[in-house]
Amino acid sequence: MVFDFSGNLDLPQLEESVLRYWAEHDVVDRYLAHRPDGRPWVTYEGPPTVNGKPALHHVFTSVYKDVYPRFQTMRGRRVERRGGWDCQGLPVEIAVERNLGLRSKQEIVEHGVEAFTRACQEYATGNIGEFRRTLSRYGYWVDFDRAYRTMDDSYVESVWWHLKEMWDKGLVFEGEKVLPYCFRCGTALSSHELAQPGVYRDREDRSAFVAFPLLDGSAELVAWTTTPWTLPANVAVAVEPDREYGVYAGPDGRKLVLAVSRAAQVVEGEPERVLRGSDLVGRRYTRPYADDIAGAEGVVVGWDGVSDDTGSGLVHLAPAFGEDDAKVCAEAGLPSPNPVDEKGEFTSGPYAGTNVLEAVPRVLADLAERGLLVREHGYTHSYPHCWRCATPLLYWAKPTWYIGTARVKDRFVEENEQVTWHPAHIKHGRFGNWLENNVDWALARDRYWGTPLPVWRCANGHDTCVGSRSELAEHAGRDLAGLSLHRPAVDDIAFPCPDCDRTAHRVQPVCDVWLDSGCMPAAQQGYPATPGSTLRDAYPADFICEAIDQTRGWFYSMLVVNTLTHGSAPYRNVVCLGHLVDDDGRKMSKSLGNVIDPQETLNRFGADGVRWYFFNSGAPWGSRRVSLTSIDQRVGKDLGTLWNVVHFYRRYADLAGFVPGDGAFEPEQVLDRWLVSRLNALVESVTEDLEGYQAHLAAQSIAAFVDDLSNWYIRRGRRRYWSTGETDRGAFATLHLVLARLARLMAPFVPFVAEAIHHAITPAGEGGVRPDSVHFDDWPVAGPRDLGLERDMDTARRATSLLRAARTKAELSVRQPLAQGVVVGLPALPADFQEIVREEVNIRSLAMGDEVTLPVGHLVQPNWRRLGPRYRQLMKELGEAVRTLEADAVGKLRAGSAVTLAVAGQEVTIEPDDVSFQEEVETGWTAVADGGAGAAIDTTLDEGLLAEFRTRRLIRTIQVARRDLGLDIQERVLLWLDDTALASGEEIAREVLAVEVHPLSALPPADGEPYRGEGFALRPASGR
Ligand SMILES: [Zn+2]
Ligand SMILES: [Zn+2]
């Protein structure tokens, strides 16, 4: 046998030997090439970003990405399982900047872009190893040797192809827009990046009510801002045309204009004058900061978007620093001064060279000095931060590249209709809403390590989009084989503009890293430039799976890119996983110190322990609580129990010399037939659940089956595996059949344990196990079920638990046999099931069925409050008559009818309300009831029952003595019994494997050194 099955389940140790076996027999590689002729079943690997080390949530995602492909492979489908790594983008750049001690883009340029991107490549490559090791050790079987890497030139070239496809449809363009911008990273963020978790956090800023003096000197407009650094770019103040504004008396005789509804924020008292917003529109005021672009004057504009919840009812507009500001000012034909550069510093004016956020105190001080600061206060608000470096984002206008997704969003909505989401509410909820509110995809990043945007531009502004390396070579007029498609090599390629006589150079940006992962269905093959690449049988995916936040990430980028290039959604089923949280429901984070290291869980529980926990702790889309204790409990309860059954089978099959036959096996005994039917039910439900992407339900069913197998089937049938008589082949064959199927059912969930069971149940020396790995086996097909039998067994178990409860209530030892038991409220059972119940609860006879009643009597008491006034003179006789009513009269009264009695010669009619009932269990019985059913046991113990109890107890004591002596379970003994036990000598001898029984009085004084117990002595028979 390959594995050690002798001890308790030690998963980490067992898995090491399974890993050795897989390595020696090349199991993983053979698995990946398995079923070459099967009908394809397609899955895509959502590439993890390889910065840092793999975390437990990577394991969580991986086991769900693993279980369905394994299931489909066993069903005969050809599943290409190609790994993938997301190697480019800001996450990698930031880590490398940190490693190299670089603090800005300027320092990257000084360090050298080539050296920097090389360092990024090395960093990504270096991390792949660690990810691969950890995920493989967890039994995640994907082809890592052929894994796609988004940084490979063939991949980048395919991303170019996708962009060119969209370019040709007119969907890629450059435009100036106000975007959230990270000044540390020096790049804009897209709307889906802004929707990442953790982006919005509370931030305390200084906000100000600022005066904008009207040119005619009549009054000052008061507007509120939380970003005082934007005031140098102010060109307008917005009012709501239909709203009421008041002119208020301010300090020092000033006249302040505020919305009537908001004035209390700044001034007290009533307005001196009330105007409509429309009266103010067109009035001109002095800008806080004059400049060459917008001059010295600003203008009041009308806008319906003025908030009534905050501020003064007047809004300061700086079109370079706000999306709405830009829109309103553009409509009013106003200029847009932008005095801030890509480093987040002022380029002109009094604060030139200062970071905008650092300039805020100076701005406020200047305004105060000039008498323009009406009021200032701290303000805490939810504010977006860079999801990678946590720097506060600033809204900033700059020309950037877009994919025009908003104008074609209906196509995404349409394609989403073809997708099945798990859980279902994602489709029209989280994801559907996101699609409905689609905005153009800000595509460009002003960075270094990413897919270079393949657009070349000449000095006349002609743009050429390049879709492949060969196209670029054609433009350049030279062979570019071997050219790195990364920065800076690709930046050095220039070519004559096809539209004029100037030279075209590549535009600076690289592409959003989400574009890379969105292109993966085709790009993983280097499609279409790589010879042999094809989407046939490889598109769309039948299944993909990632964490739920990918609705704004990978799920989104995949749908957009592929709908626009291949014309359809790239996936049919999407499983969205929830987040891992600790036992208190808190998100795992380094700062809270509640992060669980996947290596630690591996060392303690093995891969399968963690896998099993992830499958069997609730629906995967909810938040998943993880603690070492909860994993431990789950593993012990299910896998530990199963392991004991396997161990039991192996041990007794060896003792009995049982070898499973090749042919079909039909169980005959009732427990065997039940277990096989129950197994077929399990095969049906697990198959259905895995087809429906409900692995957690399948795992729950398996756990329930293991419990039935161990705590009912084995428990009831234990003696059939170990007797001195003939081997019960049916028992062994049934258990073998069930364990063999169970190994296959569990293979997708716990690949190590399933492999071990697969080998455990085939004896050694048989020419090896076929197939040599459970993972090459076929998925089991459900056989016929016997529903009547399953129902009867459920009834038997229900009856058993009721009778057991009655025993517990009577405080009787389970070894004490009882004469009889009664079960009511359950259908009568066939004789063989009744025997199972009798044996389990140790009673000699059992009554159940419709005509059986609990041994309960009804005590009837007269209700004198009603009877007294009517039969005052008959009280004594009537009381006696009521208490001794016949059963059928009691039945009538309980059923609500009156009865008539003759009492002392007088006819008396008794209504149901004239009496009350008390139920009482008859003496000598103990009864319990539960949900319409009930049971009672006869607790009377006669001499025969007591004697049997003594015999059972003695057998038990002798068994313990055998164990204490270290006797093998097969070893025969000689036995001496005292006189009271001798009567049951034969039964005792059979149970304890005694070949001879003698009276204790006949124990020869010098007969070796026998073991002496109370009322018996024994000695190994072989010692004679
Ligand atoms: Zn940043
Ligand atoms: Zn040109």
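Residues numbered from 1 in each chain as written. Chains lettered and ligands numbered in written order. Predicted model: local features only at pLDDT ≥ 70, side-chain atom pairs only at ≥ 80, totals over all residues. Heavy atoms only, no water.

A. Summary view of the sheet that holds strand E29 (residues 843-848). The four strands are arranged E29-E28-E35-E34 in an open sheet whose pairing can be described as mixed. This sheet does not close on itself; its edge strands, each paired only once, are E29 and strand E34 (925-930). Neighbour-to-neighbour, the strand axes of the sheet open up by a mean angle of 15°, direction not taken into account. Those strands touched by helix H25 (residues 787-810) are strand E28 (818-824), E29, E34 and strand E35 (933-938), and its axis lies near 50° from that of E35. (Pairing = 2+ DSSP bridges. Helix = DSSP H or I, 4+ residues; strand = E, 2+ residues; numbered from the N terminus. Axes fitted to C-alpha atoms, helices over the stretch in contact; angles between N-to-C directions. Contact = heavy atoms within 4.5 Å.)

B. Focus on the coordination of the zinc ion (ligand 1). Looking at the zinc ion (ligand 1), the protein donor atoms are Cys 182 (SG), Cys 185 (SG), Cys 386 (SG) and Cys 389 (SG), and they sit 2.2 to 2.4 Å from it. If you look at the zinc ion (ligand 1), its four donor atoms make angles of 104 to 121° with each other, and the shape they trace is tetrahedral. Spacing between the donor residues of the zinc ion (ligand 1) along their common chain follows C-x2-C-x200-C-x2-C. Placement of the pair is Cys 182 in strand E3 (residues 172-182) and Cys 386 in the loop between strand E14 (373-384) and strand E15 (394-403), with a sequence separation of 204 residues. The two residues Cys 182 and Cys 386 agree in class, both being buried. (Donors = N, O, S within 2.8 Å, 3.2 Å for Na, K, Ca; no water. Tetrahedral: all angles 85-135°; square planar, octahedral: opposite > 155°, others 65-115°. Buried < 20%, exposed > 50% of the residue type's maximum accessible area, 1.4 Å probe, protein only.)

C. Main features of the coordination of the zinc ion (ligand 2). The coordination sphere of the zinc ion (ligand 2) contains the protein donors Cys 458 (SG), His 462 (ND1), Cys 497 (SG) and Cys 500 (SG), at a distance range of 2.1 to 2.3 Å. Its relative accessible area of 4% is what places Cys 458 among the buried residues. Residue class for Cys 497 comes out buried when judged on its relative accessible area of 5%.

D. Representation of H25 within the structure. Over its 24 residues, H25 runs 35 Å from end to end, which matches the ideal 34 Å to within 8%, given 1.5 Å per residue. Restricting attention to buried positions, one finds in H25 the residues Leu 789, Glu 790, Met 793, Thr 795, Ala 796, Ala 799, Thr 800, Leu 802, Leu 803, Ala 806 and Arg 807. For H25, the N-terminal cap is Asp 786; the gap from its side-chain oxygen to the backbone nitrogen of Gly 788 is 3.3 Å. (Expected span 1.5 Å × (residues − 1). Polar contact = N/O pair within 3.5 Å; in protein donor to acceptor, adjacent residues only side chain to side chain.)

E. Here's a closer look at the sheet that holds strand E21 (residues 495-496). The four strands lie next to each other as E20-E19-E22-E21, forming an open sheet whose pairing is antiparallel. The sheet is open, and its two edges are formed by strand E20 (463-465) and E21, each paired on a single side. Bridging between strand E19 (residues 455-457) and strand E22 (residues 503-506) involves two bridges; their strand directions are antiparallel. Paired with Arg 457 across the bridge in E22 is His 505. Against the sheet, helix H7 (residues 153-168) touches E19 and E20, its axis set at about 125° to E20.

F. The arrangement of the state of the cysteines in detail. A full pass over the atoms with the stated rule returns zero disulfides. Lacking any disulfide linkage, Cys 576 is separated from the closest cysteine sulfur, that of Cys 545, by 8.1 Å. (Disulfide = S-S within 2.5 Å.)

G. Representation of the packing of aromatic side chains. Scanning the model with the defined rule gives 46 aromatic pairs in all. Judged by centre distance (5.7 Å) and plane angle (35°), the ring pair of Trp 456 and Phe 495 falls under tilted. Here the residue Trp 456 occupies a position in strand E19, and Phe 495 occupies one in strand E21, the gap between them amounting to 39 residues. Accessibility expressed as a relative area gives 0% for Trp 456, which makes it buried. For Phe 495, a relative accessible area of 1% translates into the label buried. Between Tyr 649 and Phe 732, the ring centres sit 6.4 Å apart and the planes meet at 65°, which makes this aromatic pair edge-to-face. Of this pair, Tyr 649 sits in helix H20 (residues 628-656) while Phe 732 sits in helix H23 (residues 729-746), placing them 83 residues apart in sequence. (Phe/Tyr/Trp six-rings, centres within 6.5 Å; stacked < 30°, edge-to-face > 60°.)

H. Spatial organisation of the nonpolar core. The biggest cluster of nonpolar side chains holds 118 residues, and the ones touching the most others in it are Phe 614, Leu 709 and Phe 749. The leading source of residues in this core is helix H22 (residues 695-721), at 12 residues. Among residues more than four places away in sequence, those in contact with Leu 709 are Leu 642, Val 645, Leu 675, Ile 714, Leu 735, Val 738, Leu 739 and Leu 742. The next biggest cluster of nonpolar side chains, apart from the first, holds 51 residues, and it includes Val 172, Phe 431, Ala 444 and Val 574. (Core = buried A, V, L, I, M, F, W, Y, C linked by side-chain atoms within 4.5 Å.)

I. Main features of the environment of Thr 347. Mapping Thr 347 onto the fold places it in the loop between helix H10 (323-331) and helix H11 (356-369). Remark: the alpha-carbon pair of Thr 347 and Glu 369, spanning 22 residues in sequence, is separated by 23 Å.

J. Just the pairing of E28, in detail. The element E28 is largely enclosed, with a buried count of five among its seven residues. Sheet topology note: the E28/E29 ladder contains five bridges and is parallel. By the bridge assignment for E29, Val 822 is matched with Ala 847. Assessed by its sense of winding, the connection that carries the chain from E28 through helix H26 (residues 831-841) to E29 is right-handed. Two elements, E28 and E35, share four bridges in a ladder whose sense is antiparallel. The partner of Val 823 across the bridge, within E35, is Ala 935. (Right-handed = clockwise from strand over helix to strand, strands pointing away.)

K. Region of interest: unusual backbone geometry. With an omega of 5°, the peptide bond running from His 422 to Pro 423 counts as cis. Examined against the element boundaries, Pro 423 turns out to sit in the loop between strand E16 (420-422) and helix H13 (425-428). Cis rather than trans, the peptide bond between Tyr 539 and Pro 540 has omega equal to -5°. Among the structural elements, Pro 540 can be located in the loop between helix H17 (520-523) and strand E24 (544-547). Phi at Arg 35 is positive, roughly 55°, even though this residue is not glycine.

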